[in-house]
Amino acid sequence: MCLGFSMSEQARPVTVLTGATGCLGTALAHALAHHDLWLLGRDPQKLSELCTVLPHARGVLLELRQPETFAAVFKDIPPIDNLVHLAGEVHLGRVDETPLEVWRTLWEVNVLAAVELTRICLPSLRSSGGQVLFVNSTAGLQAYADWSAYSSSKFALKAYSDALRLEEPRLRVQSVFPGRIATPMQQRVRVQEGQPYEPERYIRPDTLAQTLRHLLESPRDSVYQLTVERSG
């Protein structure tokens, strides 16, 4: 199901954004309001609200745990300039206490959804010489106790993005590895850690959104693999 504007005119960059109804996704959608946006999410009300305030946005209802449905949704997609993978799931737990279903969910959402969506969009990205931006995590660079399932999925996403960069030299493939972000997801993480949620200590979503916008719109003669942490 799609909500929003007609894609008949392509004067603006076409950007596909997963996780658009999350806190960071919404901030990035606003930062890229001058793009033609395909906003992917699973909350129809939030998608509708975004499309109401963003005149060049199209909302696409998508369940990332059902990658077999992606091809039908994107069969008529125009040439894509930017594919941004923002969506993610997190769950903490010791290796001997984390059930298989948690591992399956994290790998489906954090890895397999990105893999399949990228595969489907590759012909369109190739035709435009576009770029893919993976918003990963510092947990994709270093694993910690109780983070095994999440970190392993993020390590896998980094490996996939590195391979994609080598296999598709005409595309610009970039990765960003943020630290803790002041979002409801981080609030849930702190509950699982048994620690207080202190948003002032974390990266602001709008700050990171501006960083991501800069990467997408920066000159194409460089490729970023960037770690972002809260200053101060």
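Above: the structure in question.
Note that the structure is predicted; figures quoted are calculated from it, not measured.

S.K.: Give a description of the overall build of the chain that names residues and reports values.
M.R.: Of the regular secondary structure elements, the chain holds 7 helices and 8 strands. Taken over the C-alpha trace, the chain has a radius of gyration of 17 Å; the compact-globule value for 232 residues is 17 Å, and the two agree within 12%. Judged by the C-alpha coordinates and their principal axes, the chain covers about 50 × 35 × 35 Å. Of the contacts made within the chain by residues no fewer than 6 positions apart, 66% connect residues no fewer than 24 positions apart. Summing over all exposed atoms, the chain offers an accessible surface of approximately 11,000 Å²; the carbon and sulfur share of this is 54%.

S.K.: Account for the pattern of salt bridges, with residues named and values stated.
M.R.: Tallied over the full model, the rule gives 16 salt bridges. Across the salt bridge formed by E101 and R65, the nearest N and O atoms sit 2.9 Å from each other. Of this pair, E101 sits in helix 4 (residues 100-128) while R65 sits in the loop between strand 4 (57-61) and helix 3 (70-73), placing them 36 residues apart in sequence. Given the relative accessible area of 39%, E101 is considered partly exposed. Here D162 ties to K158 by a salt bridge, and the two come within 2.8 Å at their closest N and O atoms. One end of the pair is D162 and the other is K158, both in helix 5 (residues 148-167) and 4 residues apart, which spans about a single turn. We classify D162 as partly exposed; its relative accessible area is 22%.

S.K.: Go over helix 2 (residues 44-53), please, and point to the residues and values.
M.R.: In an α-helix there are 3.6 residues to a turn, and that puts residues three or four apart on one side. Every buried residue belonging to helix 2 is among L47, L50 and C51, and all of these are buried. For helix 2, the buried positions fall inside an angular range of 95 degrees around the axis, keeping them on one side. Opposite the buried face of helix 2, at more than 90 degrees from it, the exposed residues are Q45, T52 and V53. Measuring from the side-chain oxygen of the N-cap residue of helix 2 to the backbone nitrogen of Q45 gives 3.0 Å; that N-cap residue is D43.

S.K.: Hey, could you go over the nonpolar core for me, with residue numbers and the actual values?
M.R.: Among the nonpolar cores identified, the biggest contains 28 residues, and L17, L28, L39, V84, L86 and L212 are the most heavily contacted of them. Only helix 1 (23-31), strand 3 (36-41), helix 2, strand 6 (131-135) and helix 7 (205-217) provide two or more residues apiece to this core. In this structure, L39 is in contact with L17, A20, A29, L47, L50, L54, A57, R58, G59 and V60, ignoring residues within four places of it in sequence.

S.K.: Quick rundown of the pairing of strand 3? Include the residues and the values.
M.R.: Of all 6 residues in strand 3, 6 are buried, a share of seventy percent or more. Neither face of strand 3 is left uncovered, since the one carrying D36, W38 and L40 and the one carrying L37, L39 and G41 both have all their residues buried. With helix 1 bridging strand 2 (residues 14-17) and the parallel strand 3, this β-α-β connection has right-handed handedness. The pairing of strand 3 with strand 4 spans 5 bridges and is parallel. What sits directly across from L37, in strand 4, is A57. In this fold, strand 3 hands off to helix 2, which returns the chain to strand 4; that crossover is right-handed.

S.K.: Could you give me a rundown of the packing of helix 1 against helix 7, with the residues and numbers involved?
M.R.: Axis separation between helix 1 and helix 7 bottoms out at 8 Å; the angle between their running directions is 50 degrees. With respect to helix 7, the axis of helix 1 lies oblique. Considering only the axes of helix 1 and helix 7, their crossing is right-handed. Here helix 1 contributes C23, L24, A27, L28 and A31 to the contact with helix 7, which in turn contributes P205, D206, L208, A209, Q210, L212 and R213. Here the contact of helix 1 with helix 7 is composed, by residue class, of 9 nonpolar, 1 polar and 2 charged.

Calculation rules
Residues numbered from 1 in each chain as written. Predicted model: local features only at pLDDT ≥ 70, side-chain atom pairs only at ≥ 80, totals over all residues. Heavy atoms only, no water. Helix = DSSP H or I, 4+ residues; strand = E, 2+ residues; numbered from the N terminus. Rg over C-alpha atoms; globule rule 2.2 N^0.38 Å. Contact = heavy atoms within 4.5 Å. Areas by Shrake-Rupley, 256 points an atom, 1.4 Å probe, with all protein chains shown as cover. Salt bridge = Lys/Arg side-chain N within 4 Å of Asp/Glu carboxyl O. Buried < 20%, exposed > 50% of the residue type's maximum accessible area, 1.4 Å probe, protein only. Arc of directions from axis to C-beta. Polar contact = N/O pair within 3.5 Å; in protein donor to acceptor, adjacent residues only side chain to side chain. Core = buried A, V, L, I, M, F, W, Y, C linked by side-chain atoms within 4.5 Å. Right-handed = clockwise from strand over helix to strand, strands pointing away. Pairing = 2+ DSSP bridges. Axes fitted to C-alpha atoms, helices over the stretch in contact; angles between N-to-C directions. Parallel < 35°, antiparallel > 145°, perpendicular 65-115°, else oblique. Left-handed = near helix turned anticlockwise from the far one by under 90°. Nonpolar A, V, L, I, M, F, W, Y, C, P; charged D, E, K, R; others polar.

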